[in-house]
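Structure assessment
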Amino acid sequence: MTGGMESGSSGVTVIGILGGIGSGKSLAAEILLQMGAEVFSADEVGHRALDDPLVMEQLVARWGDGILATDGHPDRQAIAAQVFQGPDADSELAFLEQLTHPRIGRELEVFIQLVQQRHDLHLAVIDAALLLEAGWDTACDELLFVEVDGETRWKRCQKRGWSREQWEAREASQRSLDDKRGRASLVVDNNSDESALRSCLHEIFGDKGRLDS
């Protein structure tokens, strides 16, 4: 664990979370939420974007009804197969992102505006797998890198039902770990368990993650 925490001039420090796939970025965000932070989850907003009828229409037009689940909603696993596997994966991923990223970006902008108006809040967190790739790091005061060795991350992804090829394909679609770590001003180790991660985050952020009483 490295780095210390200084509150931004507005009173709210915005933290962007970086790390490899399976590093526990969302777990770190959840712990910070429990400590009193407000959290923006790009994944949750992305889920809602996929359910937008206009987005669904374009997805089906490009990939067919096979990307829909039996309930008529987008099947995320089927979509993942389109954008992370196959010879045209890069272009398919770009197609998906040009549909979802503007929607996520707009909601993120609203989130930042709202937290900056909060006088009872010390910490806001952006949990976004493509934080750097989408340019959303420009909204952050600090970047926190969740460090985990490759085999540990792979074992965690196995529990999600992924093959090693699926994990590696998703990893290859993102910035390198060296780049992410090099951009971070804070680093926390998550090679152990949730209790250890929680302890490290409390050590870094102290009371700054809690709301004033």
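See above for the structure.
Residues numbered from 1 in each chain as written. Predicted model: local features only at pLDDT ≥ 70, side-chain atom pairs only at ≥ 80, totals over all residues. Heavy atoms only, no water.

1. A short note on the overall build of the chain
Scanning the chain for helices and strands turns up nine helices and five strands. Starting at the N terminus, the α and β elements of the chain follow one another as β-α-β-α-α-α-α-β-β-α-α-α-β-α. For the chain, whose C-alpha radius of gyration is 18 Å, the value lies close to the compact-globule estimate of 17 Å for 213 residues. Its C-alpha atoms give the chain principal-axis dimensions of roughly 50 × 40 × 30 Å. For the chain, the residues scored as buried account for 42% of the 213 residues in total. Partitioning the contacts of the chain with sequence separation of at least 6, the portion at a separation of at least 24 is 74%. (Helix = DSSP H or I, 4+ residues; strand = E, 2+ residues; numbered from the N terminus. Rg over C-alpha atoms; globule rule 2.2 N^0.38 Å. Buried < 20%, exposed > 50% of the residue type's maximum accessible area, 1.4 Å probe, protein only. Contact = heavy atoms within 4.5 Å.)

2. Here we look at the nonpolar core
The biggest cluster of nonpolar side chains holds 23 residues, and the ones touching the most others in it are Phe40, Leu108, Phe111, Ile126, Leu131, Trp136 and Leu143. Contributions of two or more residues to this core are made by strand E1 (13-19), helix H2 (42-50), helix H5 (89-116), strand E3 (123-127) and strand E4 (142-147). Here this core gets five residues from one element, more than from any other, and that element is H5. Not counting residues within four places of it along the chain, the set of residues in contact with Trp136 comprises Ala42, His101, Ile104, Gly105, Leu108, Ile126, Ala128, Leu130 and Leu131. (Core = buried A, V, L, I, M, F, W, Y, C linked by side-chain atoms within 4.5 Å.)

3. Quick look at the sheet that holds E3
With parallel pairing, five strands are arranged side by side in an open sheet as E2-E3-E1-E4-E5. For this open sheet the edge positions go to strand E2 (38-41) and strand E5 (186-189), each flanked by a neighbour on one side alone. For this sheet, the mean angle separating the axes of adjacent strands, direction not counted, is 25 degrees. One ladder, built from four bridges, connects E2 with E3; its direction is parallel. Following the sheet pairing, Val39 is matched in E3 by Val125. Those strands touched by helix H1 (residues 25-34) are E1, E2, E3 and E4, and its axis lies near 160 degrees from that of E3. In the packing of H5 onto the sheet, contacts are made with E1, E2 and E3, and the angle to E2 comes to roughly 170 degrees. (Pairing = 2+ DSSP bridges. Axes fitted to C-alpha atoms, helices over the stretch in contact; angles between N-to-C directions.)

4. Things to note about the packing of H1 against helix H9 (residues 194-205)
The geometry of H1 relative to H9 is characterised by a closest axis approach of 10 Å and an angle of 60 degrees between their N-to-C directions. Comparing the axis directions of H1 and H9 gives the class oblique. Both H1 and H9 take part in a crossing whose hand is right-handed. Residue-level contacts link Leu27, Ala28, Ile31, Leu32 and Gln34 of H1 to Glu194, Leu197, Arg198, Leu201 and Phe205 of H9. Here the contact of H1 with H9 is composed, by residue class, of seven nonpolar, one polar and two charged. (Parallel < 35°, antiparallel > 145°, perpendicular 65-115°, else oblique. Left-handed = near helix turned anticlockwise from the far one by under 90°. Nonpolar A, V, L, I, M, F, W, Y, C, P; charged D, E, K, R; others polar.)

5. Side note on the pattern of salt bridges
Scanning the entire structure with this criterion turns up 13 salt bridges. The partner of Arg118 in a salt bridge is Asp120, and the shortest N-O contact between them spans 2.7 Å. Its salt-bridge partner being Glu168, residue Arg164 comes within 3.2 Å of it at the nearest N-O pair. Placement of the pair is Arg164 and Glu168 together in helix H7 (residues 164-172), with a separation of four residues, close to one helical turn. Put simply, Glu38, Arg118 and Asp120 are held in one network by salt bridges that share partners. (Salt bridge = Lys/Arg side-chain N within 4 Å of Asp/Glu carboxyl O.)

6. Let's talk about the side chain of His101
Note that His101 resides in helix H5. The class for His101 is buried, based on a relative accessible area of 18%. Not counting the four nearest positions on each side in its chain, His101 is found in contact with Leu130, Ala134 and Trp136.

7. With respect to the packing of helix H4 (residues 76-84) against H5
Geometry of a packed helix pair, given as the angle between the helix axes and the separation of the axes. Packing of H4 against H5 brings their axes to within 6 Å, and their N-to-C directions diverge by 125 degrees. Classed by the angle they form, the pair H4 and H5 counts as oblique. On H5, the residues touching Ile79, Gln82, Val83 and Phe84 of H4 are Ala89, Glu92, Leu93 and Leu96. Residue composition of the contact of H4 with H5, by class: six nonpolar, one polar and one charged.

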